[in-house]
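Geometric and topological summary
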2 protein chains.
Amino acid sequence: MTTPRADQAAVEEAIITRRDLVNEAIPDQLPIIRPERLYEASRYLLDAGGKRLRPTILLLAAEAIADADPLGEDYHAFPAPDGPVDVMSAAVSIEIIQSFTLIHDDIMDDDDMRRGVPAVHREYDLETAILAGDTLYSKAFEVMLETGAPAERSVRALSELATTCTKICEGQAFDIDFESRSAVEPDEYLDMVELKTAVLYAAAASVPAMLLGDDDAVDALYGYGLDIGRAFQIQDDLLDLTTPSEKLGKQRGSDLIEGKKTLVTLHARENGVDVDGLVDADTVEAVDEVEIEAAVGELRDAGSIEYARETAHDLIASGKSNLEVLPDNHSRDLLGGIADYLIEREY
Amino acid sequence: MTTPRADQAAVEEAIITRRDLVNEAIPDQLPIIRPERLYEASRYLLDAGGKRLRPTILLLAAEAIADADPLGEDYHAFPAPDGPVDVMSAAVSIEIIQSFTLIHDDIMDDDDMRRGVPAVHREYDLETAILAGDTLYSKAFEVMLETGAPAERSVRALSELATTCTKICEGQAFDIDFESRSAVEPDEYLDMVELKTAVLYAAAASVPAMLLGDDDAVDALYGYGLDIGRAFQIQDDLLDLTTPSEKLGKQRGSDLIEGKKTLVTLHARENGVDVDGLVDADTVEAVDEVEIEAAVGELRDAGSIEYARETAHDLIASGKSNLEVLPDNHSRDLLGGIADYLIEREY
């Protein structure tokens, strides 16, 4: 079965309307209270923007499960067998986790910019950034506990959130480890991406099934999230190579300069490309566009860009096939459309 | 009511026997798996020692509630109305949280040593230390979910754990903020200590009541933990001034050198002591013992040391008075004895 293709404009509109609702809910769940500087720093990246893809997927999965009219229901009192569930709290919780990982990752990767603004450890300082991430971490658990779901279901969602966070840390540790290794297998890379990136998509997609009591949908939605999350990361790596710097919000090819391993470079290395010699510059400041263009050309000639694109495409198709467990409704179509969107987006 | 005074040797033995059981349980709950370097770093401080006071308090509170023979029960299958509860998992969870906060605090405070070994960011590196703390954070939630308690009770314990972590972050933020402020009221200091230190004692003491279903004991045990936790921190500040460096495991008076605000220095400032001028040295390397001794003498003459001691004593008395809600048994006496121990310990 292939899920019917949702109209791309409808998908983009679905993302934007849900993003706006998530943006309204964030300040309610995470108000700026004393100590203000800590909560301001905790909110800094959340307020700087973001597409809210993970919470949007969570809300759409809830709609599809409940077979509800998209946006016809109040996300704070979503229909479930044992009484209404605040799926918006779950959505905000997932976005808070995402924001916590960005803050700590930027420290670990020594990145200066994020979402077009300085990273939190640059805008504030190292101490505040560590602490802001730590605050978001526990807040995500507090907020996930506010759905009003029966205790058994809350426990299941909480457990998923905790193991997800552990896996994200493991993924980041593998990613850091890969930087100092010369040889990494593509499968090892995909395992790392699963941990670092995809499990949060999987949690976003499956948590509403846990909270709403649709046990049959949990595994399928988890699989959907895992596949599209991996595809999302591969697309991110591709965009770093193929999108102009202005559009990307950072130097194009910065992964190459930093020697970051991606599916593209791992494939290229396996196919005889001298990946380490592709770019001479050691810093994003020292590189010029001609050098990047030549490097990307070599990767394209080796078939590495096409290989990554195909891998991402296959993952999206696999992810979408999981959706047939859901009732056939417009929200399900939109979940399929978001999957396509993840590898069609240009930034 | 005053809880009968437990024999000091019995208290110390109770701490040691439970510490050993906690030490056995930690590797089971936190095995060194892949990625090994991450889990080794996560275990590094846990394996370096520690008195396990918080988990010991949790286990003793469980014993007192169940009115069980001390150590007569298996902590992994502790008697509760709806079936056995693994209170050891809860105890380990609390110790894991403590360890996570130490790792991140040492980064924030730029401390080099902890428990006689290099801080995790010194033994490993900044990235690994941040990530090790983050891993422990979610592991604590995973482990707290493994008690086997009914879902309603697990949710309550999980919620307590999450709000406790948020408060610890708030406390640390206030502590950092105080460093750059000239005037801090003693009450503000005590509020900070409540958040940064005491709430974890309160969680340790009250979580077993939540898990075992003794609703009447929850608030009283929380109050016990809050009072003795505050007293513990005041005693820590006193020990920094009065304990020889060899015994302390770090330079005596280092708080004075670093300009850290404590109840002692806040009282001294209010009573006309030029606290900032007490020690000329800017680093622990540059200070000599004579200078520290003179500074402590001035604080003593101002009555500030005695003031902090009395405050800690009053808190211990108040904390112990909460224990009368528990059945009158030996474990309750030991909880009272641990309270006394916290301000009688010499390191």
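Residues numbered from 1 in each chain as written. Chains lettered and ligands numbered in written order. Predicted model: local features only at pLDDT ≥ 70, side-chain atom pairs only at ≥ 80, totals over all residues. Heavy atoms only, no water.

To keep it simple, the criterion reads: UniProt positions are given in the numbering used here, feature names are shortened, and annotations may be inferred rather than shown by experiment.
If you check an unreviewed UniProt entry, chain A appears there as Farnesyl-diphosphate synthase /geranylgeranyl-diphosphate synthase from Halorientalis persicus. Under Cofactor (unreviewed entry), UniProt gives the following word-for-word description of chain A: "Mg(2+)". Its UniProt record gives chain A the following Sequence similarities (unreviewed entry) comment, quoted word for word: "Belongs to the FPP/GGPP synthase family."

1. Quick notes on a negative patch on the surface
Keep this limit in mind: Two distance rules govern patches: like charges are joined within 9 Å, and nonpolar side chains (Val, Leu, Ile, Met, Phe, Trp, Tyr) within 5 Å, applied only to residues with over 30% relative accessible area and no salt bridge. The Shrake-Rupley method, run with a 1.4 Å probe sphere, supplies the accessible areas, and residue values consider only the shown protein chains as cover. In the sections that follow, a salt bridge refers to a side-chain nitrogen of Lys or Arg positioned within 4 Å of a carboxyl oxygen of Asp or Glu. The charge count includes Lys and Arg as positive and Asp and Glu as negative, but it does not include His or the ends of the chains. To locate a charge, the coordinates of NZ of Lys, CZ of Arg, CG of Asp or CD of Glu are taken. We count a stretch as a helix when DSSP gives it H or I for four or more residues in a row; a strand needs E for two or more, and each element gets its number in order from the N terminus.
Together, Glu185, Asp187, Asp191 and Glu270 of chain A make up a region of like negative charge exposed at the surface. Within the element layout of this structure, Asp191 of chain A appears in helix H8 (residues 186-212).

2. Points about the relation of the copies chain B and chain A
Which entries qualify depends on this criterion: When the copies are superposed, the least-squares fit takes in the C-alpha atoms of residues with a pLDDT of at least 70 in both. Contacts: residue pairs with any heavy atoms within 4.5 Å of one another.
By a simple turn and slide, chain B fits onto chain A: the slide is 0.0 Å along the axis, the RMSD is 0.0 Å, and the turn is 180°. Seen this way, the second copy is the image of the first under a two-fold rotation axis. The C-alpha atom lying nearest the rotation axis in chain B is that of Ala151 of chain B; the distance is 2.6 Å. Here 100% of the interface residues in chain B have copies in chain A that are interface residues too; the copies meet face to matching face.

3. Here's the deal with the environment of Tyr44 of chain B
Residue and element names in this part refer to chain B. Operational definition: Using a 1.4 Å probe on the protein chains alone, a residue whose accessible area is under 20% of its type maximum counts as buried, one over 50% counts as exposed, and one in between counts as partly exposed. Two N or O atoms count as a polar contact when they lie within 3.5 Å, although within protein this holds only if one can serve as hydrogen donor and the other as acceptor, and sequence-adjacent residues are included solely when both atoms are side-chain atoms.
The topology assignment puts Tyr44 in helix H2 (residues 36-47). Under the relative-accessibility criterion, Tyr44 is labelled buried at 18%. Residues Tyr44 and Pro118, 74 residues apart in the sequence, show an inter-C-alpha distance of 9.7 Å. Apart from the residues within four sequence positions on either side, Tyr44 is in contact with Val117, Pro118, Val120, Glu123 and Tyr124. Within the local environment of Tyr44, its side chain forms a polar contact with the side chain of Glu123, the two groups lying 3.3 Å apart.

4. Comments concerning the packing of aromatic side chains
The following threshold applies: The pairing test for Phe, Tyr and Trp rings, Trp by its six-membered ring, is centres within 6.5 Å, and the orientation test on the planes gives stacked under 30 degrees, edge-to-face over 60, and tilted for anything in between. Two conditions define a charge sitting above a ring: the NZ of Lys or the CZ of Arg must be within 6 Å of the ring centre, and it must be within 35 degrees of the ring normal.
In this structure the tally under the stated criterion is 14 aromatic pairs over all chains. Residues Phe141 of chain A and Phe141 of chain B carry aromatic rings whose centres are separated by 4.0 Å and whose planes lie at 10° to one another, so their mutual orientation is stacked. Of this pair, Phe141 of chain A sits in helix H6 (residues 126-144) while Phe141 of chain B sits in helix H6 (residues 126-144), each in a different chain. Phe141 of chain B matches Phe141 of chain A in its accessibility class, with the two residues each being buried. Members of the aromatic cluster, each reached through a chain of ring pairs, are Phe100, Tyr137 and Phe141 of chain A together with Phe100, Tyr137 and Phe141 of chain B. Lying across the ring of Phe232 of chain A, Arg54 of chain A places its NZ or CZ 5.5 Å from the centre.

5. A short note on the interface of chain B and chain A
One frequent convention defines the size of an interface as the accessible area lost when the parts assemble. Of the residues lining the interface, 37 residues belong to chain B; the matching set on chain A comes to 37 residues. Our count for the contact surface shared by chain B and chain A stands at 0 salt bridges. Elements with a minimum of two residues in the side of chain B that touches chain A: H2, helix H4 (87-109), H6 and helix H7 (151-179) of chain B. Tallying contributions element by element places H7 of chain B first for the side of chain B that touches chain A, with 16 residues.

6. Some details on helix H1 (residues 8-29) of chain B
All names here are of chain B. Note the cut-off: A helix is expected to reach a length of 1.5 Å times the quantity of its residues less one. Note: the arc covers the axis-to-C-beta directions of the helix.
Its 22 residues place the ends of H1 31 Å apart at the C-alpha level, agreeing with the 32 Å of an ideal helix rising 1.5 Å per residue. All of the buried residues in H1 are Val11, Ala14, Ile15, Arg18, Val22, Ala25, Ile26 and Gln29. Down the axis of H1, the buried side of the element spans an arc of 110°, and every buried residue falls inside it. Turned more than 90 degrees from where H1 packs its buried face, Glu13 and Glu24 sit exposed. Packing partners of the buried residues in H1 comprise H2, helix H3 (53-66), H4, H6 and helix H15 (330-344).

7. Digging into the packing of H6 of chain A against H6 of chain B
What counts is decided by this rule: Structural elements are reduced to axes, namely lines fitted to C-alpha atoms, with helices fitted over the stretch in contact, and the angle between N-to-C directions of any two is expressed from 0 to 180 degrees. For classification, angles of less than 35 degrees are called roughly parallel, those exceeding 145 degrees roughly antiparallel, those between 65 and 115 degrees roughly perpendicular, and all remaining angles oblique. By the definition used in this description, the sense in which the near helix is turned from the far one sets the handedness, with an anticlockwise turn below a right angle giving left-handed and a clockwise turn giving right-handed.
Running from amino to carboxyl end, H6 of chain A crosses H6 of chain B at an angle of 20°, the nearest separation of the two axes being 11 Å. By the criterion of interaxial angle, the relationship of H6 of chain A to H6 of chain B is roughly parallel. Considering only the axes of H6 of chain A and H6 of chain B, their crossing is right-handed. Within the contact between the two elements, H6 of chain A uses Leu126, Ile130, Asp134, Tyr137, Ser138 and Phe141 of chain A and H6 of chain B uses Leu126, Ile130, Asp134, Tyr137, Ser138 and Phe141 of chain B.

8. Some details on the environment of Asp177 of chain A
Residue and element names in this part refer to chain A. The topology assignment puts Asp177 in helix H7 (residues 151-179). With a relative accessible area of 31%, Asp177 lands in the partly exposed category. Among the polar contacts listed, one links the side chain of Asp177 to the side chain of Arg181, at a separation of 3.5 Å.

9. Quick look at the packing of H6 of chain A against H4 of chain B
Stated precisely, the cut-off is as follows: Amino acids are sorted into nonpolar (Ala, Val, Leu, Ile, Met, Phe, Trp, Tyr, Cys and Pro), charged (Asp, Glu, Lys and Arg) and polar (every other residue, Gly among them).
Across the interface, H6 of chain A lies against H4 of chain B with an axial gap of 9 Å and an inter-helix angle of 160°. Judged on the interaxial angle alone, H4 of chain B and H6 of chain A are roughly antiparallel. Seen from H6 of chain A, the contacting residues are Leu126, Glu127, Ile130, Leu131 and Asp134 of chain A; seen from H4 of chain B, they are Phe100, His104, Ile107 and Met108 of chain B. Of the residues in the contact of H6 of chain A with H4 of chain B, the class split is 6 nonpolar, 1 polar and 2 charged.

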